[in-house]
Amino acid sequence: MAEKQNIPQNDEVDLGNLFKIIGKGFKNLFNTILGSLKGLFHLLVQLLIFVRNNLLKLGVSMILGAGIGLFLDFSITKPYYSDMVVEPNFKSTQQLYNNILFYHELVRQKETDQLASLLNISREEAKELKGFYVEPIRNENEKYEFFNNFIETKDTAMIKKIDLESFKKAFTDHDYRYHKITVKSNNNRIFEKLRDPIVSSVGNNAYFKNQKKINDENLLQNEMVLRKSLLEVDSLRKIYNEVLLLEAKKAETGTSITLAEGAKKTGELELFSESLLLNKELIENNREKAETTEIINVVSDFTKSGSKEREWYKKYIFILGLGFGLLMLLAILFRGLNRYLLNYKK
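Numbers given for residues are sequential positions, taken from 1 along each chain in its written order. Restriction of local features to residues with pLDDT of at least 70 applies here, the model being predicted, together with a cutoff of 80 or more for giving and counting side-chain atom pairs; totals for whole chains, interfaces and linings are based on all residues. Side-chain measures here rest on the full set of heavy atoms in the structure, leaving out hydrogens and waters.

Enquirer: Which parts of the structure should I look at to understand the nonpolar core?
Expert: A general trend in soluble globular proteins is that nonpolar side chains are found buried together. Leu129, Phe132, Ile181, Leu194 and Ile198 are the most contacted members of the largest nonpolar core, which totals 29 residues. Runs of E in the DSSP output that reach at least two residues are strands. Runs of H or I that reach at least four are helices, and both are numbered from the N terminus. Elements with a minimum of two residues in this core: β1 (80–88), α2 (93–108), α3 (112–119), β2 (129–136), β3 (179–185) and α8 (195–203). Take this core: its biggest share by element is six residues, from α2. Only heavy atoms enter the contact rule, under which two residues are in contact if any of them lie within 4.5 Å. In this structure Ile198 touches Met84, Ile100, Tyr103, Phe132, Ile181 and Phe302, once residues within four positions along its chain are discounted. To form a nonpolar core, buried Ala, Val, Leu, Ile, Met, Phe, Trp, Tyr and Cys residues must be joined to one another through side-chain atoms within 4.5 Å. Remark: exposure states derive from per-residue accessible area (1.4 Å probe, protein chains only) relative to the maximum for the residue type, with buried under 20%, exposed over 50%, and partly exposed in between. By size, the runner-up hydrophobic cluster in this structure holds five residues, among which are Leu226, Leu230, Leu278 and Leu282.

Enquirer: Help me out: how do you make sense of the environment of Asp175 in this one?
Expert: For Asp175, the position within the fold is in the loop between α7 (164–170) and β3. The exposure class assigned to Asp175 is partly exposed, which follows from its relative accessible area of 33%. Once the C-alpha coordinates of Asp175 and Gln94 are considered, the two residues, 81 residues apart in sequence, prove to be 9.5 Å apart.

Enquirer: Looking at this model, I keep getting lost on the environment of Asn186. Mind explaining?
Expert: Along the chain, the position of Asn186 falls in the loop between β3 and α8. Counting along the chain gives 59 residues from Asn186 to Lys127, while the straight-line C-alpha distance between them is 8.8 Å. When residues no more than four places from it in sequence are discounted, the contact partners of Asn186 are Thr77, Lys78, Pro79, Tyr80, Glu128 and Lys130.

Enquirer: What's the story with the packing of aromatic side chains in this structure? I'm lost.
Expert: The geometry of an aromatic ring pair is captured by two quantities: the separation of the ring centres and the angle between the planes. Pairing of aromatic side chains here covers Phe, Tyr and the six-membered ring of Trp, requires ring centres within 6.5 Å, and sorts the geometry by plane angle: under 30 degrees stacked, over 60 edge-to-face, intermediate tilted. As enumerated under the stated definition, the model contains four aromatic pairs in all. Ring geometry for Phe102 and Tyr103: centres 6.4 Å apart, planes at 45°, overall tilted. Put simply, the rings of Phe102, Tyr103 and Phe132 pair up and form one aromatic cluster.

Enquirer: Where do I start with the side chain of Thr112 in this structure?
Expert: Considering the arrangement of structural elements, one finds Thr112 in helix α3. A relative accessible area of 12% means that Thr112 is categorised as buried. In this view, Thr112 contacts Arg123, Ala126 and Lys127; residues no more than four positions away in its chain are not counted.

Enquirer: Looking at this structure, I do not really get unusual backbone geometry. What am I missing?
Expert: Peptide bonds are, in most cases, trans, and in most cases residues other than glycine have a negative phi. Non-glycine residue Phe90 carries a positive phi angle of around 60°. Mapped onto the elements, Phe90 comes out in the loop between β1 and α2. The phi dihedral of Lys91 falls on the positive side, at around 55°, and the residue is not glycine. Among the secondary structure elements, Lys91 is positioned in the loop between β1 and α2.

Enquirer: So what exactly am I meant to see when it comes to the pattern of salt bridges here?
Expert: Pairs can form between side chains of opposite charge whenever their charged atoms are close. Throughout this description, the term salt bridge denotes a Lys or Arg side-chain nitrogen within 4 Å of a carboxyl oxygen of Asp or Glu. All told, the structure shown has 14 salt bridges when counted by the stated rule. Among the ionic pairs, Arg108 bridges to Glu105, the shortest N-O distance being 2.8 Å. Taken together, the positions of Arg108 and Glu105, both in helix α2 and three residues apart, correspond to about one turn of that helix. Taking relative accessible area as the criterion, Arg108 reaches 56% and is therefore assigned exposed. In this structure, Asp113 and Arg123 form a salt bridge, with 2.6 Å as the shortest nitrogen-oxygen distance. Here Asp113 is found in helix α3, whereas its partner Arg123 is found in helix α4 (residues 123–127), with 10 residues between them in sequence. Taking relative accessible area as the criterion, Arg123 reaches 38% and is therefore assigned partly exposed.

The structure is reproduced here in structure tokens:
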């Protein structure tokens, strides 16, 4: 009996110890959070004290840098820029990038004669060019679209080896559909003249011209096959409907019906579905033909007159103001570190 009475007492002791442990755990957690908050508050106070003690130095340096930047913003002539959005076909993106990089190198090396010859502009206009740039218009949805198209053309064994993440890692800037070409120049009226030379520099490539020719022939042949098949299906539907009408007339005169009711509906639906499928393929064929009319499709052309960069973070007043402030901050920190090291030796 005595052993049975001791069991509840032991349970009460164990529960009491458990609650004490939990209480200590919460207390320690609270003390840790409180200590962290005190540390952050102390750090914030030290930072404010540092700023207060050095506010004059930091302010003067930033004002000096901003003043120099303001002078440069007004004295240095910033070039105009204009953008053109293109859609390369037949895997010509790499060639486009190479050509743009080549033009930029000619500008950097001041090869005005060669630039003028390649772009069909005067030497004076070539002198005003300041740079050529190209970048993809990144769209994450394109990666998913390309991945879906990719797996539709591969067998099951190949699909198991490639997942979406691996495909996305292998996706390069050249794989995007649209690309933006930017030209900078001191001449505000030159941009429209550059469209045709840039596009034709890729379009005149013999390899891409041959690829386009083969593609055009394949699309034309496919269109002829689809149209012929569509006519045949329409003819079959017409004959089928005539048979149905003939059987309906026989039914009125009491003659037995040859085709069962289920077979009628099935045959009619199959022919109708085949006609819809052929029309869909024909529309897709025409869409592809329209998109591949040119080796480089111009989606958005250069503007007649360029624009000047208006982003505030690209102005010298901001760059030099912030830069001078950071330099002064580094000088103050190094001076403080040097003083600390000298005192540490003592």
